[in-house]
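Working through the structure, step by step
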Amino acid sequence: MAIYRIDGARIHTIDDFYAEMNRLVMAGEDWQLGSSLDGLNDLLYGGIGALVGDDDPQFV
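Described in the following lines is the structure provided in the data block. Keep in mind it's a predicted model, so treat the numbers as computed, not measured. Positions within a chain are numbered from 1, following the residues in the order the chain's sequence is written. Totals for whole chains, interfaces and linings use every residue, but because this is a predicted model, local features are given only for residues with pLDDT of at least 70 and side-chain atom pairs only at 80 or more, for both listing and counting. By convention in this description, side-chain values take in all heavy atoms of the structure and omit both hydrogens and water.

**Re helix α1 (residues 14–25)**
When the terminal C-alpha atoms of α1 are compared, their 17 Å separation across 12 residues agrees well with the 16 Å that a helix rising 1.5 Å per residue should span. Residues of α1 that are buried: Y18, E20, M21, N22, L24 and V25. Strands here mean DSSP runs of E at least two residues long; helices mean DSSP runs of H or I at least four residues long; both are numbered from the N terminus. Under the convention used throughout, the expected extent of a helix is 1.5 Å for every residue step, that is, one less than its residue count. Burial status follows relative accessibility: with a 1.4 Å probe on protein chains alone, a residue under 20% of its type maximum counts as buried, one over 50% as exposed, and anything between as partly exposed.

Encoded structure:
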């Protein structure tokens, strides 16, 4: 289980939120999440990016 710390000081808009999620879990990937709920769902339930193989990621 990995813990991902969301830096709220970086988030002022929806786009900022997705940029922060990309920073946390998509580093090293050749693509980024778009600003959509479908993309967020894919991230949280699809096991992509840093979440591959992590059955219980914790976001704080």
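**Some thoughts on the packing of aromatic side chains**
Pairing of aromatic side chains here covers Phe, Tyr and the six-membered ring of Trp, requires ring centres within 6.5 Å, and sorts the geometry by plane angle: under 30 degrees stacked, over 60 edge-to-face, intermediate tilted. Per the counting criterion, the structure on display carries one aromatic pair. Aromatic side chains F17 and Y18 sit 5.3 Å apart centroid to centroid with 80 degrees between the ring planes, which places their arrangement in the edge-to-face category. Relative accessible area serves as the criterion here: at 5%, Y18 is assigned to the buried category.

**Describing the nonpolar core**
Counting residues in each nonpolar core, the largest one holds 11 residues, listed as Y4, Y18, M21, L24, V25, M26, L33, L40, L43, I48 and L51. Looking at this core, the elements that each hand over two or more residues are α1 and α2 (37–46). Here the element with the most residues in this core is α1; it accounts for four residues. Only heavy atoms enter the contact rule, under which two residues are in contact if any of them lie within 4.5 Å. Each residue touching L33, except ones within four places of it in the same chain, is listed here: N22, M26, G39, L43 and I48. The nonpolar core is taken to be a set of buried Ala, Val, Leu, Ile, Met, Phe, Trp, Tyr and Cys residues, with the residues joined through side-chain atoms within 4.5 Å.

These results come straight from atomic positions and should not be treated as a statement about function.
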